[in-house]
Amino acid sequence: MAPQQKPSAELVLHRPPSSAMRLFTWDEIQAHTKQGDPGREMWLVVDRKVYDVRSFYLRHPGGSRILMSHLGEDVTDAFEAFHVDKSLVKKYLNPLLIGELAPDQSSLEPSKNESLIMDFRELRTTVEKMGLLKPNTYFFMAVLLHILLLDAASWLNFLYFGTSLLPFTVSVVLCTMSHNQASWFQHDLGHLSVFQKPKWNHLLHKFVMCHLLGASANWWTLLHSQHHAKPNCHSKDPDIDMHPALFALGKTLSVELGVKKTKYMPYNHQHKYFSFTLPPLLFPTYFQYHTFYIAFKKNYWVDIACMLSFFIRFFIVYGCFLEIKSLLIFFFLVRMLESSWFVWVSQMNHIPMTIDYDKNLDWVSIQLQATCNVDHSWFNDWFTGHLNFQIEHHLFPTMPRHNYWKVVPLVKSLCAKHGIEYKCKPLLTAFADILRSLKDSGELWLDAYLHK
């Protein structure tokens, strides 16, 4: 990682502030937003302007937690990364404006690498000019078509070949493939990267996530936005909430558990029990319960109706061929295989990387230390839904997946310039690294538990 550099003159805007604007220093902002302070203010900085989100955070479409995790910080790059229609969003921001940074203040906090961010913003401008944030709708319609064809092939197989063991197995595989490809496609829709107009992404997201997969689109958006904002940051990224209940993750956090003599599980054996716990059971148990729980809690009635339509369709279509016992076995086999596929792919890019408390790093640094890539190939791209390009996806969350490979050379050049490692590995190595990292963190926990 490149060393932190002195504030860059290019990032400090030497323009006279509006006479009506209150001027803030970073010391003042951080003093008023200090975590644990009962009188803590809810201030964020976007493009040198200071906003008080207290009256808005509960209504934030991406969830309140994502705003709470950034209090007292400059969030310009996150704002740019997440929002497609920035002019619309700024209309909501304007009433929240309370001031701006004083002219002598840097645009970023001292903990952030300004030189790196300046170069990244230039890169983002280049990406926009190249049209890499514009989707090819035909590509995504082909993705949707192949999902529907796999789904249709699953039940047509029963129709033409019966329900003996071989056709049953083939239909399980076809249905699992359809569901996993739908999972990657809903991910595209949730990131608003399929259509240029957000509303079309939202509408199709409901169809794919709720009707084709039986989960809440709004539930996914709440959790996944938090993950992207603070990846691998303990208590801020819901994707690592399995620490410490099931696993000890990251070097620092694992040692901390050992020192505190915390032992919810035999963490030194977690690399052994991971494969037959989290991958096959995440979807059939926790996710299936949690998506309904959040949908009911937050009154996502449209999502609930569409989710129920998935179960009605699934059990009617396959109930025409299978008795109830075989139907339930079919359903849970598909869910377990779908879950295993998803977990191995989604965790190969993150678990082996840095997992720690939030250090308030700049946008580029926090994304790169928490992600890695897997080799580009036709199969890898299809099997992972292009999430083998995890670095590019995290830096540009709204970029359509068919353009990831085009921006790779630019990102590699940025990393090389600033001395940041750009990690890319073979698919099977990435899977094995999950277990290696779990083994390492489990051993660190055991050593601290026994000797510290």
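Treat the numbers as computed from the prediction; the structure is a model and nothing was measured.

Some details on the overall build of the protein chain
- Tallying secondary structure elements over the protein chain gives 19 helices and 6 strands in all.
- Burial statistics for the protein chain: of 452 residues in total, 55% are counted as buried.
- Taking contacts inside the protein chain between residues at least 6 apart in sequence as the whole, the part at least 24 apart equals 72%.
- Within the protein chain, the 39 negative side-chain charges are centred at a point lying 3 Å from the centre of the 43 positive side-chain charges.

Considering the layout of surface pockets
- Looking at the second largest pocket, its volume works out to about 450 Å³.
- Residue lining of the second largest pocket: 19 residues in total, with Gln35, Arg40, Leu71, Glu73 and Lys236 positioned closest to the centre.
- When grouped by side-chain class, the residues that make up the lining of the second largest pocket number 3 nonpolar, 9 polar and 7 charged.

Some words on the pairing of strand E3 (residues 49–52)
- As judged from the 4 bridges shared by strand E2 (residues 43–46) and E3, these two strands associate in the antiparallel manner. Directly across from Val46, in E3, lies its bridge partner Lys49.
- Taking the residues between adjacent antiparallel strands as the criterion, E2 and E3 are bridged by 2 residues, where Asp47 takes a positive phi near 55°.
- The pairing of E3 with strand E4 (residues 97–101) spans 3 bridges and is antiparallel. Looking across to E4, one finds that Tyr51 is bridged to Leu97.

Observations concerning the pattern of salt bridges
- Applying the stated criterion to the full structure yields 17 salt bridges.
- A salt bridge links Lys230 to Glu73; its shortest N-O distance comes to 3.0 Å. Placement of Lys230 in the loop between helix H9 (217–229) and helix H10 (251–259) and of Glu73 in the loop between helix H2 (64–68) and helix H3 (76–82) is noted, with a sequence separation of 157 residues between them. For the pair formed by Lys230 and Glu73, the shared burial category is buried.
- Lys417 is the partner of Asp119 in a salt bridge, and the nearest nitrogen-oxygen pair spans 2.9 Å. Of the two residues, Asp119 is situated in helix H5 (residues 114–129) and Lys417 in helix H18 (residues 404–417); the sequence distance between them amounts to 298 residues.
- For Asp119, a relative accessible area of 11% corresponds to the buried category.

What counts, and where the lines are drawn
- Every chain's residues receive numbers from 1 upward, in the order its sequence appears when written.
- Side-chain atom pairs in this predicted model are given and counted only at pLDDT of 80 or more, local residue features only at pLDDT of at least 70, and totals for whole chains, interfaces and linings cover all residues.
- Side-chain measures here rest on the full set of heavy atoms in the structure, leaving out hydrogens and waters.
- Strands here mean DSSP runs of E at least two residues long; helices mean DSSP runs of H or I at least four residues long; both are numbered from the N terminus.
- The buried label goes to any residue with under 20% of its type's maximum accessible area, the exposed label to any with over 50%, and the partly exposed label to all in between, with areas taken from a 1.4 Å probe on protein chains only.
- The contact rule is simple, with two residues in contact once any of their heavy atoms fall within 4.5 Å.
- Positive charges are assigned to Lys and Arg, negative charges to Asp and Glu, while His and the chain termini are left out of the count.
- A charged residue contributes its charge at one atom only: NZ of Lys, CZ of Arg, CG of Asp or CD of Glu.
- Grid points spaced at 1 Å and placed over the protein atoms alone form the basis of the search, with a cavity being a set where a 1.4 Å probe fits but cannot get out and a pocket an open set showing protein on both sides within 12 Å along at least five of seven lines. Lining residues have an atom within 4 Å of a point.
- Grid points are joined across faces, edges and corners, and a volume is the space filled by probe spheres set on the points.
- By the convention adopted, Pro, Cys, Tyr, Trp, Phe, Met, Ile, Leu, Val and Ala count as nonpolar, Lys, Arg, Asp and Glu as charged, and the other residues, Gly among them, as polar.
- A pair of strands counts as paired when DSSP detects no fewer than two bridges linking them.
- Any carboxyl oxygen of Asp or Glu within 4 Å of a side-chain nitrogen of Lys or Arg constitutes a salt bridge here.

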